[in-house]
Each structure stands twice: as C-alpha cells, then as structure tokens.
Amino acid sequence: MSPELKRIRWRLILSSLIALGLSLGTFYATQWAYAFSDDQCTWKVEKDRIMIREILPAGVAEEAGMLEGDQLVGIQGRKFQANAAGVREAQNLINARGEGTVLVYTVVREGKTLYLPLRLVKPLDVGRLIQMATGLLFWLLGLLVVVSSPQRKISRLFFYLSLGFLLLPAGRLAFQGNVPGWLLFLIFTTAFAVRAFLAPLVIQFFLRFPHPFPLRKNRRFMSFVYGYFILDAIGNLVVLLLRQGGAGLFKGLGLERAPDWLPGFLKGAAVAGIVSNVIYVSAFAFALVCFIRGTLKVDERRRRSVLPALLVALALSLDFIGLFWMSALPRFQTLIFQRQAWIFLAPLPLLPLAFAYAVVRHGLFDIRRTILRWVAYFAILGAVVALYFAALAWIFGHTLASVPPGWAGVLVGLSALPIGWALRRLLLTLRRFFRRDQHTARQVLLGSLRESQLRLSDEAFTRIFTDALREAYRPSALHALPVLEGAILLPQGESAMGRLFPPQRLAIPPGLIRHARENRELILGLSSEEAAWILDAGPELRAHVDALEVQVMMLVMVDEQPAKAILMGGKYAELNYGREDRELLREAAIAAGLQLEAAALHRRLLDQGRLEQELQTARLIQENLVTSKAPEVPGFSLALRLDPAMETGGDILWVRSLSPKADGAKRWLAAVGDVSGKGMAAALYMSQAMALLEFATQQQERPLEEILHCLDTALRNLMGQRDFLTLALLEWDEFGRFRLARAGHPPAVVVHGSKAGESRELSPHGRGLGLRPAGPCDWEIAEGVLAPREWIVLHSDGLTEAMSRGGELYGLPRFIEQLQRFWGTGSARAACEALFRDVSSFEAQNRDDRTLLILARESA
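Residues numbered from 1 in each chain as written. Predicted model: local features only at pLDDT ≥ 70, side-chain atom pairs only at ≥ 80, totals over all residues. Heavy atoms only, no water.

Focus on the environment of Pro 813
Link 1 in the chain: Structurally, Pro 813 can be placed in helix α25 (residues 812–823).
Link 2 in the chain: Along the backbone, Pro 813 and Thr 800 are 13 residues apart, and their C-alpha atoms lie at a distance of 8.7 Å. (Helix = DSSP H or I, 4+ residues; strand = E, 2+ residues; numbered from the N terminus.)

Remarks on the pairing of strand β16 (residues 651–658)
Link 1 in the chain: When you tally the buried positions in β16, you get 6 out of 8 residues, the bulk of the element.
Link 2 in the chain: Sheet topology note: the β16/strand β17 (residues 667–675) ladder contains 8 bridges and is antiparallel. From the neighbouring strand, Asp 651 faces β17, where its bridge partner is Asp 674. (Buried < 20%, exposed > 50% of the residue type's maximum accessible area, 1.4 Å probe, protein only. Pairing = 2+ DSSP bridges.)

Structural notes on the pattern of salt bridges
Link 1 in the chain: Applying the stated criterion across every chain yields a total of 23 salt bridges.
Link 2 in the chain: For Glu 705, the salt bridge is made with Arg 739, and the minimal N-O distance between the two is 3.7 Å. Pair noted here: Glu 705 is in helix α23 (residues 704–718) and Arg 739 is in strand β19 (residues 737–743), with a separation of 34 residues, a long-range link.
Link 3 in the chain: You can call Glu 705 partly exposed: its relative accessible area is 30%.
Link 4 in the chain: In this structure, Arg 850 and Glu 843 form a salt bridge, with 2.2 Å as the shortest nitrogen-oxygen distance. The pair Arg 850 / Glu 843 is uniform in exposure class, with both members buried.
Link 5 in the chain: One continuous salt-bridge network, built from bridges that share partners, spans Lys 661, Asp 663, Asp 733 and Arg 737. (Salt bridge = Lys/Arg side-chain N within 4 Å of Asp/Glu carboxyl O.)

Examining the nonpolar core
Link 1 in the chain: Counting 53 residues, the largest nonpolar core has Phe 205, Phe 206, Phe 291 and Phe 355 as its most contacted members.
Link 2 in the chain: Looking at this core, the elements with two or more residues in it are α1 (3–33), α4 (126–148), α5 (153–167), α6 (181–208), α7 (219–252), α8 (262–297), α9 (300–328) and α12 (350–362).
Link 3 in the chain: The residues contacting Phe 291, other than those within four sequence positions of it, are Phe 206, Phe 209, Pro 210, Val 306, Ala 309, Leu 310, Ala 313 and Phe 355. (Core = buried A, V, L, I, M, F, W, Y, C linked by side-chain atoms within 4.5 Å. Contact = heavy atoms within 4.5 Å.)

Some remarks on the sheet that holds strand β24 (residues 850–857)
Link 1 in the chain: Overall, antiparallel pairing links the 5 strands, which are arranged β15-β24-β23-β20-β21 in an open sheet. The strands lining the two open edges of the sheet, one partner per strand, are β15 (636–643) and β21 (759–762). Mean inter-strand twist for the sheet, computed between neighbouring axes without regard to direction, equals 15°.
Link 2 in the chain: Here strand β23 (residues 791–795) runs beside β24; their pairing, made up of 5 bridges, is antiparallel. Note that in β24 the partner of His 795 across the bridge is Leu 852. (Axes fitted to C-alpha atoms, helices over the stretch in contact; angles between N-to-C directions.)

Concerning the packing of aromatic side chains
Link 1 in the chain: According to the stated counting rule, one finds 22 aromatic pairs in the structure shown.
Link 2 in the chain: Judged by centre distance (6.5 Å) and plane angle (35°), the ring pair of Phe 209 and Phe 291 falls under tilted. With Phe 209 in the loop between α6 and α7 and Phe 291 in helix α8, this pair connects stretches of sequence that are 82 residues apart. This pair shows no difference in class: Phe 209 is buried, exactly as Phe 291 is.
Link 3 in the chain: Here a set of aromatic residues connected by ring pairs shows up, and it is made of Phe 138, Phe 158, Phe 165, Phe 205, Phe 206, Phe 209, Phe 291 and Phe 355.
Link 4 in the chain: Cation over ring: Arg 195 sits above Tyr 280, and NZ or CZ is 4.3 Å from the ring centre. (Phe/Tyr/Trp six-rings, centres within 6.5 Å; stacked < 30°, edge-to-face > 60°. Lys NZ or Arg CZ within 6 Å of the ring centre and 35° of its normal.)

Looking at helix α17 (residues 510–519)
Link 1 in the chain: For α17, the full list of buried residues reads Leu 512, Ile 513 and Ala 516. End-on view of α17: buried residues confined to an arc of 100°, all on one side of the axis. Opposite its buried face, α17 presents the exposed residues Pro 510 and Glu 518, each directed more than 90 degrees away.
Link 2 in the chain: Two residues or fewer past α17, Arg 520 is found with a positive phi of approximately 65°. (Arc of directions from axis to C-beta.)

Note that every value here comes from positions in space, so none of it alone points to a role or purpose.
If you want it as structure tokens, here you go:
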C-alpha cells in the first residue's frame, strides 16, 4: 500500500470518529446537560420598559397567569434595566436554573404589581433533532461509500460532505449563562468549520457528480470558493462574539465598557450578514443547478438512479424557500410559528435516504458487499461474545460458585485465549469468503484469453484483457501502457491534495527487465516498500505514481521483450493484492504474452501475401450469410450465437420466416449445421450450403424431407470425397407446434425444468448430407408441441466436444446440466451467453466452431 493511501485511510477513520463524537457530544450537552430553560413567553423593550410580547398557549407562562402586555419588572426580586443588556441578563438568569425550578416574576398590570410563580421547562428542539437524524444518516452512508472505495476522490468528497451535515446541528447555540467555556469553544469551532467548508464541499461534489464538469479542475475557481467561505466564516464568528458577548466580552479583555464604535459596527455587520447569507444560499442554488444539469447529461440508466435524489432535493429547496419567506413576514414572526417551524424540516431525512436508495439499488457506489461483510463480522463477534459471557455466567453460577475471585479471574483469562483464537480463525474464514473467489477470478481472467478470434489485433486483445481484469478484481485504477525502449509514459494524474502531474516517462531498470525475461513475466508492487527504484528515479516520479493510486505493475513479455505494462489500483473493498492474486496475475501475464506472440506471428504470416484481405473478405461474407441477430418472434424468445474457431468457419446458423399455414398460423424455420473440416475450404462449402438452403426454401410449402434431399444431391456434386454437412432443421408455428429433421447432426435438447429428468433429447434418424456413396433418403421427422416455458436447443459439436487442458471433454451431460441450471433464470439470451462463457473457461483451446440456438416459448 502506498504511503498516500495509508494517510488517506487513517485520515478518514480519525475524522469520522472525531466528527461523530463531537456531534453526539454537543447534541447531548446542549439538549440535556446544558439545555436552556424556558418560560414559554417572549419579551420586548418598549418605551424604557420590558413588556411581555407573546405567551405560548397552554404554556407555563399562561398557567402562571401571565398576560400579553404585562410589564416585567424583575425575577426573584432582581430588577433588570429596560434595554438589550437587561433582557440578556434576565435570559441568562433563567437559563442558569434547572428544569422544574419555580421563579417568581414581578409584573405590573394596569398599575398593579403582581407576583406570579412560574415553573421553568426545558423544551426539546425538534428541528435540531431532525437535523441530527439527517446528519447521522448521511454519516453512515458516507462511511459505507468511502470504506467500499477509499481511492476514489468522489467517494472521499461524499464522505466529507456527510461529515458537514453531521456537524451542522452541533454548531447551533446561543450564549447561555450555564454553558462552560470549553463547550462554547467546541461549538464555535464546529460552527466555523461548517460555515467555512460545507458550501464549498457541496459545490465541489456536484461539479463531479453525477457528471464531471470541466470547472472542477479550475484550481483558481476552487481556491477562490474555499478562500471566500473561510473569510466569511471568520467574519461571522467575530460578529457573533461581539454581538453575543456584549460588554462582558470587553470586560474580559480589560476594558471598562464596550467601545463607542461597536453599535455602528454591528449595524453594518447586520447588513453585510444579509448579503453573506444570500451568497451562502446562492452557493447551494449553484450546486443544485449543477446537479440538475449533470443529471440531464448522464446516460439513461444513471439518470434513473439519481432522479429520486434530485426530486427530493428540489422539493426540499421549495420547502426551505417557503420557510424563509414565511419567517420574513411580520405576521409569522410569532412564538407559535417558531416552535412549529420544525414541520418544514420534517422531510429533511428523505435526502440521505434518497441517496442511499440510489447507491444501494442502482450501484452508484458498490456498498452492498461492504454492508454484508461488516454486518456478518459484527454478528459473528456479538454472537461469540454473548455465548462466551453466558457460558461464564452459567459456570460460575452453578458449577464454580465457590471458586475464590482471584482464581476465577485466572480461569476467565485462560478461557479467553482459545475463544479469541477461535474467533480470529472464524473472522479470517469469513473474510476469505467475502473476497472474490480465486476460482471465479481465474475463470474470468483466463477464459478471456482463450477467445482465439481476438488474436488478430493487439488493440482488441488489450481491450478484452483489461475488461477481464476489471471484472476479476475491480481495481480502482487500470492503465494499459505500451513499453517503448524499456520505459512507459505515465498518464496524467492528480494527487489527493489537488496537485496535477503531467505525463512523465518512467524507465524500467534493466535488472527488472532481465528478471522478466527469465520468468516470461513480472508482477511488481509499486508501493514505496516494494519499488525503491521509482524513488531512485526521482521524488517527482514517486509522487506521480502515488497520485495514480496504482499498486501493482504487470509486465507482459513478447519475444523476450517487454511489450505491455498494466498498472492496477487497489482491489475493490481491499487495499492490497494477496499472494494468490499475484500468482494468478503471473499466470495471466504469461498467457497474455503467448497470445500476443501468436498474434505477432499471425500478422507476419498475413503480411507475406494477400491472405489477410482474403480472410477479412471471407469473414464479412460469412457474417452476412448467417443470422447474427435474433429476429423478433411473437410468443417466443430466440437466442443464437456463432463463434468460429478461426477467422472463418464452417458452421451454419440461419433463421427465416415462412408463409402462414393453411389455418393461418405464422411459421418460422431455423437451421444449424456443421461442415466437416476447417479453414477456408470449410468456409466455402458453408457459403455454398447457405445459398442452396436459401434456394431450397423459396418454395415455402416444401416439406423438410424434400429440402434435405435437395441439399444432399447438390452438395454431393460440390464437395470433395471426404467432405460432408450435418444439419438440423426446425420448423415451428406461433402455437408452439414444431417439426424437427436431423441429418447427422447432434440431437436437439428439450428443457422444461431444472431438475434431473426434466429434459429430453430429440434424435430423429437421418444421415449427413453430401456423403458418398449416396444412401437412402430416410430422414425422420420428430413432431411435437413446445409447452410454455419449454426450451428447444440446437447446437454444434464444438460445444459438447470442447476439451480441457487435462484432455476431458465438456460432454453432452454437462451441456444439458448447464442448460437446466440456466433455464431457471428464464432468459434464453442470458443462458446462451453464460453457456458460451462456461465452455470458454473450460476449454484449453478453441479447436472447433461453436454454434447455439435456443428457442424458448414464453409463459402463456
């Protein structure tokens, strides 16, 4: 693991724990331990008097008999000046008392002095509670996202953004007389951090998600945004201290009274605060516009995934606009409205839930495996610990009740050792289970190398090989670079701190090339511990490699010279590659080198003449002759695929519609065949057979037996002495009635279930076409009705006769077993592709053409 990745990992863990502790701690302190007390009425200074402005209905002030318009003279015999300082002093007196404390209010009503006992309460701030719940949901989602892929900058941005939402309610508190100074310091520090960084993080995130805008790379713009909001936060913090601290603040600084310029400064700051808040809100509006434009720019699938989050964000924006507008109206500046304003915040938790839906349901960030993994870890840990303590309680309660406490502690300690060892083994086993299975990765990676048609092009091979690496390991970064004169050109990179690195040349030491030449491959870690040679090349190159977030370099050798260097980032949900991973990568590097050598040799042979052009022409002709795209057949699902072993092949795959039957039922005809031999001769015979088949079916009422007879006679005159064609013809109508003729071809398979015995073979008698000497025209016809959800499958022997490295045949039983397994998916197309992948991963080398046709009748 590179040092930069280590720093990122620890930074994420520490920031997450600090933010969670700070948010929960301040929420508890300000809501319970140091929550302000409330008399549920509001005051105002009017004509040198403190007047009761509003009383909350059914509140403690109303219960005490207080009325709106009463003049407040004092509390507990203590009088207050009729100014803002006096009001603040009275509020501090109330806040310093606990819940349930009874204070005697001295009020004047209609010239009479009244003494009213009032019981203080500590109200719950529902709006802040909603914000805290929203922040916790964001924090949990952000932590899952960043744990699943810590190398991705967008993941880290989302995580830091979630921390901002988590800390947002922690920075909301006015000066209260009973709040200690250390808590005020934490709250003001949190308020400064949230004010300074939340808006820039929102802008930066939506400049990258869901669509990356070029503005995100403008360092001057981003520096201006962060710089402005940091200065704005400092200004707001200073104004808050001056306004809330009052004269007490200046007395603490050694001044007898507040300076004369303070009132004018605070008035100007109020106007500047309005402008500041408008800019702050505008920043969120700009981010929302980027969110909308980005959603419109992405593809349909990604748009559907982020659309719920966008709709929720738009709805919340309208909700907050309504709240701010109503708060600005004089008629809504009431105590009742302030206490009920939390209703506007009630939908706020829908925002993280909408993002969670997009992340989990549509896979914006792959966290399902991470969730399942950690839930399993904690479930196992909790179960083992619970069983351990339950067993200890039972043993010491029944069997060892008389054991002295000292010996009991020794027994507990000794028994914990094997329990800890067993728990460690269990967690390691579970961790290996959640890692990608090596057998699956081997099938994905090496199976792609066995596709022989990819040998003709370096570009096609590199593309397929890198796609296989992505599927097998899901690396955070993957770069396939050519090696020129013993060096590679590193692509442009950007560090976690925003530093850009232009493309740079990185020379591979001769000693490493010599080692790769001896072993025909080289798998090398790129961290500082394993790749000191990069640091020897210069600290700039070391920083560039770290910025690319790559951990492993795979060197592919061709003719004893390095040809390709593949740089891979960390595995998904893992930060390093284990020993088994590197062994598999070595095997893949050797196989890739052999494939590239074969491709180079093949190109050299083609360069000797016009063979390449002829082969390409023949391949295009064949692709135009066969049916490469399944036609739409109402009531049926048709899947088909033909993969030639070489550039051209001898297999036939053909589907066409026929004229309706006498009863008006629509008909179709499919043909799957295999010409003996390989290469150009087989391809030519296949082309002739396709032309004959087209001609023979022009008379659409001609029965299958007559079609086979015509083909047999014509091919016998065209083919060589030892050449022949096997063919299967399938005719069916829209009601599922079918007729099958087989001329020496492998039997058809009918599948109607996934259990043993829920399949059967259809093998009507019939000899191959074009054989010498001529034989009797005795092709049998198998007839039946394809029931709903039944499949009828035609294939060539290239699938069933595929041979593994150990000489084992794939075989018809295994072929049928796989068909039945894939039948349960209900998708013929998915079954067709999965079967080809299974055969490719099984076979050591593609030696024959492969053809498959699956006709599935849909459910009624």
